[in-house]
Amino acid sequence: TPGAEVLGYVLPHAGANQPRRSKPQTTREMISEFRSLLKKNRTYAFKPQGGSMRPWLKAGDSLFIQSAIESELGPGDVLLYWSPGEDPDDDNLTCHRMVGRLPTLGGSAARFVTKGDAVSGIEYFENGRQSEILGKVSAVARDGKTWPMPGRVGKLARLFGSLVAMP
């Protein structure tokens, strides 16, 4: 998601009574602002760009992100995570479904396995090393209606459906 677009969604919700901060100059600064607001409020809503989660997510949908503790995340949860790039403008926010966890060689951390519903590739990362999990999707709003994320059975059914669709 381009930094300027996400910034347009984040800044109006920073608080009307607070003095306006200067506009972040890079994508990394914009994501830092988003992380700060999510940490402060524990929940946040924004409209993502991109099509990796189609057909589950559509253009114009709003995602409600909730802060999450790593140990409480499980297969089927839709995660929002930040992957820093080599340049501050190459950073990415990614929203993919968690497929599972793999132990690392040292055994101290776990590698998260994620997949977008519309993409065939699977991503692997260690939280806090290659990427940082910011939270999980708790609800989706579309056409004036809001749907909470389904319980564990619904999550697993969607996860199974996305894995079957892999080529």
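Check the entry above for the structure.
A few points on the structure. (Residues numbered from 1 in each chain as written. Predicted model: local features only at pLDDT ≥ 70, side-chain atom pairs only at ≥ 80, totals over all residues. Heavy atoms only, no water.)

**Regarding the pairing of strand β8 (residues 145-148)**
Next up, step 1: In the sheet, strand β7 (residues 132-142) pairs with β8 via four bridges, with the strands oriented antiparallel. Among the inter-strand pairings, A141 is bridged to a residue of β8, identified as T146.
Next up, step 2: Connecting β7 to the antiparallel partner β8 that follows it, the hairpin turn spans two residues, and D143 within it adopts a positive phi of roughly 55°. (Pairing = 2+ DSSP bridges. Helix = DSSP H or I, 4+ residues; strand = E, 2+ residues; numbered from the N terminus.)

**Describing the packing of aromatic side chains**
Next up, step 1: Counted under the stated rule, the structure contains four aromatic pairs.
Next up, step 2: One aromatic cluster in this structure is built from F34, Y44 and F46. (Phe/Tyr/Trp six-rings, centres within 6.5 Å; stacked < 30°, edge-to-face > 60°.)

**Section: helix α2 (residues 27-41)**
Next up, step 1: Over its 15 residues, α2 runs 21 Å from end to end, which matches the ideal 21 Å to within 8%, given 1.5 Å per residue.
Next up, step 2: Listing the buried residues of α2 in full gives T27, M30, I31, E33, F34, L37 and L38. One side of α2 carries all its buried residues, which in axial view fall inside an arc of 155°. Looking at α2, the residues exposed on the side facing more than 90 degrees away from the buried face are K39 and K40.
Next up, step 3: Positive phi shows up at R42, right after α2, with a value of about 70°. (Expected span 1.5 Å × (residues − 1). Buried < 20%, exposed > 50% of the residue type's maximum accessible area, 1.4 Å probe, protein only. Arc of directions from axis to C-beta.)

**Structural notes on unusual backbone geometry**
Next up, step 1: Note the cis peptide between R54 and P55, where omega equals 5°.
Next up, step 2: Among the secondary structure elements, P55 is positioned in the loop between β1 (43-46) and β2 (62-66).
Next up, step 3: Although it is not a glycine, R42 adopts a positive phi angle of roughly 70°.
Next up, step 4: Along the chain, the position of R42 falls in the loop between α2 and β1.
Next up, step 5: One non-glycine residue, D143, lies in the positive phi region at around 55°.
Next up, step 6: With respect to the element layout, D143 can be found in the loop between β7 and β8.

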